[in-house]
Amino acid sequence: MDSTSLKGLLAEHAQLEEQLADPAVHADQAKARKLGRRYAELSPVVRAVRELDQTRDDLAAAKELAAEDSAFAEEAEELAAKIPDLESRLTELLLPRDPYDGTDVVMEVKSGEGGEESALFAGDLLRMYLRYAERHGWKAEVLDSTDSDLGGFKDVTLSIKSKTADVDGVWSRLKFEGGVHRVQRVPATESQGRIHTSAAGVLIYPEPEEVEVEIDPNDLRIDVFRSSGPGGQSVNTTDSAVRITHLPTGIVVSCQNEKSQIQNRARALQVLQARLQAIAEEEAAAKASDARRSQVRTVDRSERVRTYNFPENRISDHRVNYKAYNLDQVLDGDLDGVLDALATADREERLAAQSG
């Protein structure tokens, strides 16, 4: 990035700092949150620029003094050696960011091939994500679910929200989870002790804070019904659960976990909004021949992104050749190892694209 562009970022950072110091801005929480995220995004860049400028100034001074006192020559060498690292760090910080990195997410886990065993595995994945959210202090909420006979899930939709306006939010950590997750283990339904392979699918969307895709009310069919618990038993005596069908796309979203029909309708619309936003972006990316990763839309075992092997306690992510033998810990929410590997691979890919 040229010096003019850097000056622009520094000026924007100073302006944001001034705005965030104004109490009137915080009357609009959505605006304050948006400004806070941008400020947090620019702050590391500003610190890196200032450190690099200071090091360059110190190097120039040390070189000048070294002409009169050789003791400063060693200091000049040390300062000169720091500059390439500082420049590399700044280059990395200036890489184009995913605009949704600071946002919350809507996630769907769906059973696939494998019948009841797949539904049980979908339940294991749900627990894994709930435990991961808990470890990070995020708020996770199940919006809707369809149980299986043995206690698993045919499908489940959840919302995961950060409690702070961090520049690296829930999406930045979980955005690579979309795809088919394969499990290899002896199912609870297997009497011969044979290892089976089944799969569950994960879909994940950034949850938009502001409406970006307009939804025509005439395109919606809204049905209400009574909330039900495990086994279909009614847990609510009023028709508070809501199912929304988006007629042009056939997308169906339901929500029954809120206390009122109005709340369930609002949450279902929010999930529909997120799904339509994801579809719109995929279409735009396809038209632009963007190489951005696309999520697998079918739960086909051949299109796997990750394998969970229980007999060997092994987890393997096939996109980055990651392998570890701590599957029990991963399923208990210790996902940072594999997520760090995916984030590092993505960063290296973007660096290579920029330099190329």
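Residues numbered from 1 in each chain as written. Predicted model: local features only at pLDDT ≥ 70, side-chain atom pairs only at ≥ 80, totals over all residues. Heavy atoms only, no water.

The line we're drawing: UniProt positions are given in the numbering used here, feature names are shortened, and annotations may be inferred rather than shown by experiment.
As annotated in an unreviewed UniProt entry, the chain carries the name Peptide chain release factor 1 and comes from Amycolatopsis carbonis. Per UniProt, the chain has the following entry under Function (unreviewed entry): "Peptide chain release factor 1 directs the termination of translation in response to the peptide chain termination codons UAG and UAA." Under the UniProt heading Subcellular location (unreviewed entry), the entry covering the chain gives this text: "Cytoplasm".

**Re the pairing of strand E8 (residues 251–255)**
The condition that has to hold: To sort residues, take the accessible area from a 1.4 Å probe on protein chains only and compare it with the maximum for the residue type: under 20% means buried, over 50% means exposed, and anything in between is partly exposed. Starting at the N terminus, helices and strands are each numbered in turn, a helix being any DSSP run of H or I of at least four residues and a strand any DSSP run of E of at least two. By the convention used here, strands pair only if DSSP detects at least 2 bridges between them.
Along E8, 4 of the 5 residues are buried, which leaves the element largely enclosed by surrounding structure. Relative to E8, strand E7 (residues 241–246) runs antiparallel, the two sharing 5 bridges. Bridge pairing in E8 links Thr-245 to Val-252. Two successive antiparallel strands, E7 and E8, enclose a turn made up of 4 residues, where Gly-250 displays a positive phi of approximately 80°.

**Regarding helix H4 (residues 115–135)**
Defined as follows: Expected span of a helix, by definition, is 1.5 Å for each gap between consecutive residues, and there is one gap fewer than residues.
Look at H4: 31 Å from first C-alpha to last across 21 residues, which is about the 30 Å you get at 1.5 Å a residue. Gly-137 sits one or two residues past H4 and shows a positive phi near 75°.

**Quick word on the sheet that holds strand E11 (residues 322–324)**
Here is the rule: Simply put, an axis is a line fit to the C-alpha atoms, just over the touching stretch for a helix, and the angle between two N-to-C directions goes from 0 to 180 degrees. Should any heavy atoms of two residues lie within 4.5 Å, those residues are counted as being in contact.
The sheet built from 8 strands is open, its strands ordered E2-E3-E1-E5-E4-E9-E10-E11 with mixed pairing. For this open sheet the edge positions go to strand E2 (139–147) and E11, each flanked by a neighbour on one side alone. For this sheet, the mean inter-axis angle between neighbouring strands, taken without regard to orientation, is 15°. Two strands pair when backbone bridges link them, and strand E9 (residues 304–309) and strand E10 (residues 314–317) are joined in this way by 4 bridges, in the antiparallel orientation. Counterpart to Tyr-308 in the pairing with E10 is Ile-315. With respect to the sheet, H4 is in contact with strand E1 (104–111), E2, strand E3 (153–161), strand E4 (179–185), strand E5 (196–207) and E9, its orientation differing from that of E4 by roughly 110°.

**Observations concerning the nonpolar core**
Convention followed: By nonpolar core we mean a set of buried residues, namely Ala, Val, Leu, Ile, Met, Phe, Trp, Tyr and Cys, connected to one another through side-chain atoms within 4.5 Å.
Counting 36 residues, the largest nonpolar core has Met-107, Leu-125, Met-128, Ile-160, Leu-174, Tyr-308 and Leu-335 as its most contacted members. When contributions to this core are tallied by element, the ones reaching two or more residues are E1, H4, E3, helix H5 (170–174), E5, E11, helix H7 (327–331) and helix H8 (336–355). Among the elements that line this core, the one with the most residues is H4, at 8 residues. Those residues in contact with Leu-174 that sit more than four places away from it in its chain are Met-107, Tyr-132, Trp-138, Ile-160, Ile-204 and Leu-339. Leu-9, Leu-16, Ile-83 and Leu-90 belong to the second largest nonpolar core, which has 19 residues in total.

**What to know about the environment of Glu-214**
Within the secondary structure, Glu-214 is located in the loop between E5 and strand E6 (220–225). Taking the C-alpha atoms as reference, Glu-214 lies 9.6 Å from Gln-277; in sequence the two are 63 residues apart.

**Focus on the packing of aromatic side chains**
The line we're drawing: Only centres within 6.5 Å qualify two rings of Phe, Tyr or Trp (six-membered ring in Trp) as a pair; their planes then separate them into stacked at under 30 degrees, edge-to-face at over 60, and tilted for everything else. In our convention, an over-ring charge means Lys NZ or Arg CZ found within 6 Å of a ring centre and within 35 degrees of that ring's normal.
Summed over all chains, the structure comprises 2 aromatic pairs. Relative to Tyr-308, the ring of Phe-121 has its centre 5.3 Å away and its plane inclined at 65°; by these criteria the two rings are edge-to-face. Here the residue Phe-121 occupies a position in helix H4, and Tyr-308 occupies one in strand E9, the gap between them amounting to 187 residues. Neither Phe-121 nor Tyr-308 differs from the other in exposure class; each is buried. Seen in terms of ring centroids, Tyr-132 and Trp-138 are 5.7 Å apart; in terms of plane orientation they differ by 75°. Their pairing is edge-to-face. The exposure classification of Tyr-132 matches that of Trp-138, with both residues buried. Sitting over the ring of Phe-310, Arg-185 keeps its end group 4.7 Å from the ring centre.

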